[in-house]
Amino acid sequence: MAEAVATATPQKREYWRWTEYNWRDESLDWRGARVISVGIDVGSVSSQAVILCDGKLFAYSSLRTGSNSPTSAQRALDAALEKTEVPREKIHYIVATGYGRVNIPIAHKAITEIACHARGANFIYGPTVRTVLDMGGQDCKAIRCDEKGKVTNFLMNDKCAAGTGRGMEVMADLLQVPIEEVGPASLAVDEEPPPVSSTCVVFAKSEVLSLLRLGWPRERVLAAFCSAMAHRTVELLMRIGVEREFAITGGIAKNVGIVQRVKRELGIEALKPKIDPQIAGALGAALFAKALYEKEQKQ
Amino acid sequence: MITAGIDCGARTVKALVLQDGTVLGKGAALTGFDQQAAITQAFQSALQQASLGHSQIQHITATGIGHNAVSFAQSQITEVSADAKAAVFLFPTARTVLDVGAEEGRAIRCEADGRVKDFAVNEKCAAGAGTFIETMARTLEIKLEEAGALSLKATKVIPMNAQCAVFAESEVVSLIHSGVAKEEIIRAVHESMADRIGAMARRVGIEREVVLVGGVGRDQGFIRSLSEELGFALLVPEDPEYAGALGAALMAAERAQGG
């Protein structure tokens, strides 16, 4: 279903590099749609664009964020449009979100990623979701929301790479394990090792190197790192309180090594996503775009 | 009375031989993979410089994160106490010591006799330690030793948003790509470090004079940024990285005299 739209062929293997992709629902005909709304989430590490036809998920893309937000937003939108034959001018409304949201000329409006993630999680996981853990590229957010996906409270760490996707990329690169394989590899241990004790990713790198020197296999080292990361994330969640149902969004929602450990430590299940959880932010933005467009039409 | 202090830091081991308040010899070695070898190497080169043998040292005190590894030491002292002792010995008017090492930062307030009144330590986050500057220098493809001089050449102060060393690395890369001069980037690195060390100093309360020790005390760019942050000049000893070893050697002398 997913297809790589831009796979780099670097000289040296870049283990952190995840596959960029786009997708469309072949069964949906956009021509009959009353409202075509778009959400673009320009994050610090990845950018997603989501296209909705009357509030139904039609197409999306996920790419690596480039050095500037306008171009990254445009590239993400182009990638999402690629398989759809939707002309650009047929789009009624665009909402931008994420780290780069304020600097996106093609968007009609910018909305915070907290609001968008809660709204997107409500769509992906259904109205029973009350706690959303968004694990992004350079931040981690614990969000509480109501049955409509409206934010009631949140906490975030955006100061420190520990507990973020970027931290995971650094570790994948150091251990030379492709980022998509980190999760399964970290679970391939007979017994859970003690977690890495350094909080800081820079210090954790030295610690991990010394574990390798002690003869630890890579799987065990990854287990120790994932366990520390999960623990840190659970601490953030506990500060805000976890109300069921619980769901995880963002790129790390795809890492089973983290998801399993967070669930284990919290002692509750996480809802299983029916849709790619990494697009939650852009999806929420596209839902807001639809609502905003309809409001404008009424006036 | 001849004593020695050995400071086993995260990055380097420093050894210092002291006779009645006069430094006879100093030696350092990278901690690397073999801490024991580094301890021996640092201590031997300090002894060699002092033209003394191990048996002539009356008391050896170890400090630093790896102080337990110095099996031949008679006693230990915490890094915080060693820093305070050394600072007051070097500058009698010192009341606050800032120690910025490779993987730790400390702010210490002390009495006129070198006793510690209050202190704060950051050992959790690379953003408040020398590693931060080192990582950014590597990203900028400049030598760490060049960072200071380069920073002093900067004519503009540009802001740096990231605090985390991992995030700052990405930020530095994008600054390079957008054509910002290297001296301005390294200046921004120094400014953001100074901001954090300054904040830590204010947490324990700043009392003048303020002494800067630790390996980062060799970085002129950081010294400028930190003194601007604090609003006054700092006292920096000639070999700031030996402060811990000096404090340990001073403690060794007190302990040897005390019996």
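Because the structure is a prediction, the values reported are computed rather than measured. (Residues numbered from 1 in each chain as written. Chains lettered and ligands numbered in written order. Predicted model: local features only at pLDDT ≥ 70, side-chain atom pairs only at ≥ 80, totals over all residues. Heavy atoms only, no water.)

Asker: Go over the overall build of chain B, please, and point to the residues and values.
Answerer: If you tally the helices and strands in chain B, you get 8 helices and 9 strands. Against the 2.2 N^0.38 benchmark of 18 Å for 259 residues, chain B shows a C-alpha radius of gyration of 19 Å, consistent with a compact globule. Each principal axis of the C-alpha atoms in chain B carries an extent, and together these give about 60 × 40 × 30 Å. The burial tally for chain B puts 56% of its 259 residues in the buried class. (Helix = DSSP H or I, 4+ residues; strand = E, 2+ residues; numbered from the N terminus. Rg over C-alpha atoms; globule rule 2.2 N^0.38 Å. Buried < 20%, exposed > 50% of the residue type's maximum accessible area, 1.4 Å probe, protein only.)

Asker: Describe in detail the interface of chain B and chain A, supporting the description with residues and values.
Answerer: Listed by partner, the interface residues are 13 residues for chain B and 15 residues for chain A. For the pairing of chain B and chain A, the buried interface totals around 1200 Å² over both sides, and the portion due to carbon and sulfur atoms is 69%. The tally of links from chain B across to chain A stands at 2 residue pairs in polar contact (both at pLDDT 80 or more). Per-element tally for the side of chain B that touches chain A: the top contributor is helix H5 (residues 165–177) of chain B, with 4 residues. (Contact = heavy atoms within 4.5 Å. Buried area = accessible area lost by both parts, 1.4 Å probe. Polar contact = N/O pair within 3.5 Å; in protein donor to acceptor, adjacent residues only side chain to side chain.)

Asker: So, the pairing of strand E4 (residues 56–64) of chain A: which residues are in play, and what are the values?
Answerer: Residue and element names in this part refer to chain A. Of all the 9 residues making up E4, 8 are buried; the element is thus mostly covered by neighbouring parts of the structure. Direction of pairing for strand E3 (residues 46–53) relative to E4: antiparallel, over a ladder of 8 bridges. Its bridge partner lying in E4, Cys53 is registered against Lys56. (Pairing = 2+ DSSP bridges.)

Asker: How would you sum up the domain arrangement of chain A? Please name residues and give values.
Answerer: Residue and element names in this part refer to chain A. Partitioning chain A into domains gives domain 1 (21–122 + 279–298) and domain 2 (127–270). When each unit is reduced to the centre of its C-alpha atoms, the spacing between domain 1 and domain 2 is 27 Å. Taken together, the 13 residues of domain 1 in the interface contact 22 residues of domain 2. Roughly 1200 Å² of surface becomes buried between domain 1 and domain 2 when both sides are summed, with 62% attributable to carbon and sulfur atoms. Put simply, domain 1 and domain 2 have 1 salt bridge between them. (Domains from an automatic or database assignment. Salt bridge = Lys/Arg side-chain N within 4 Å of Asp/Glu carboxyl O.)

Asker: Describe the packing of helix H3 (residues 165–175) of chain A against helix H6 (residues 218–240) of chain A, listing the residues and the values that go with them.
Answerer: Residues and elements named next belong to chain A. Close contact between H3 and H6 brings their axes to 11 Å; oriented N to C, the two are set at 170 degrees. Comparing the axis directions of H3 and H6 gives the class roughly antiparallel. Between H3 and H6, the contacting residues are Gly167, Met168, Met171 and Leu175 on the first element and Arg218, Val221, Leu222, Phe225, Cys226 and Met229 on the second. (Axes fitted to C-alpha atoms, helices over the stretch in contact; angles between N-to-C directions. Parallel < 35°, antiparallel > 145°, perpendicular 65-115°, else oblique.)

Asker: Can you break down the pattern of salt bridges residue by residue, with the values?
Answerer: Side-chain pairing between opposite charges can occur once the charged atoms of the two side chains come close. If you walk through the whole model with that rule in mind, you get 32 salt bridges over all chains. We note a salt bridge from Arg31(A) to Asp29(A), for which the minimum N-O separation is 3.4 Å. Judged by its relative accessible area of 46%, Asp29(A) falls in the partly exposed class. Measuring nitrogen to oxygen at the nearest pair gives 3.4 Å for the salt bridge that ties Glu228(B) to Arg187(B). Note that Glu228(B) is positioned in helix H7 (residues 220–230) and Arg187(B) in helix H6 (residues 182–204), a separation of 41 residues in sequence. Three or more residues are tied together by salt bridges with common partners; here these are Glu79(B), Asp83(B), Asp99(B), Glu104(B) and Arg106(B).

Asker: I'd like a description of the sheet that holds strand E8 (residues 116–122) of chain B, backed by residues and values.
Answerer: All names here are of chain B. Strand order in the open sheet formed by 4 strands is E8-E7-E6-E9, and the pairing between neighbours is mixed. Of all strands in the sheet, those with a lone pairing partner are E8 and strand E9 (210–213), marking the two edges. Going across the sheet, the axis of each strand differs from the next one's by a mean of 15 degrees, ignoring polarity. By the bridge criterion, 5 bridges tie strand E6 (residues 96–100) to strand E7 (residues 105–110) in an arrangement that is antiparallel. Within E7, the residue paired with Thr96 across the bridge is Arg109.

Asker: For the domain arrangement of chain B, give the residues involved together with the corresponding values.
Answerer: Residue and element names in this part refer to chain B. The domains assigned to chain B are domain 1 (1–91 + 240–259) and domain 2 (92–236). For domain 1 and domain 2, the distance between their C-alpha centroids amounts to 25 Å. Contacts between the two partners involve 16 residues from domain 1 and, on the opposite side, 29 residues from domain 2. Summing both sides of the interface, domain 1 and domain 2 together bury roughly 1700 Å²; the carbon and sulfur share of this comes to 67%. Connecting domain 1 to domain 2 are 4 salt bridges. When the shortest N-O distance is used, the salt bridge between Glu134 and Arg11 registers 2.5 Å. For the side of domain 1 that touches domain 2, the element with the most residues is helix H2 (residues 79–90), which contributes 9 residues. Its residues placed into classes, the side of domain 1 that touches domain 2 shows 10 nonpolar, 1 polar and 5 charged. (Nonpolar A, V, L, I, M, F, W, Y, C, P; charged D, E, K, R; others polar.)

Asker: Account for the sheet that holds strand E2 (residues 12–19) of chain B, with residues named and values stated.
Answerer: Residue and element names in this part refer to chain B. Read across the open sheet, the 5 strands follow the order E3-E2-E1-E4-E5; overall the sheet is mixed. Only two strands of the sheet have a single partner each, and these edge strands are strand E3 (22–30) and strand E5 (75–76). The pairing of strand E1 (residues 2–8) with strand E4 (residues 59–63) spans 5 bridges and is classified as parallel. Note on E4: the bridge partner recorded for Asp7 is Thr63. On the sheet, helix H8 (residues 243–257) packs against E1, E2, E3, E4 and E5 and is oriented at approximately 140 degrees with respect to E1.

Asker: Please provide a residue-by-residue account of the environment of Ala112(B), values included.
Answerer: Residue and element names in this part refer to chain B. On the secondary structure map, Ala112 appears in the loop between E7 and E8. You can call Ala112 partly exposed: its relative accessible area is 48%. Residues Ala112 and Gln41 lie 71 residues apart in sequence; the distance between their C-alpha atoms is 34 Å. Discounting residues that sit within four places of it in the chain, Ala112 has contacts with Val88 and Arg95.

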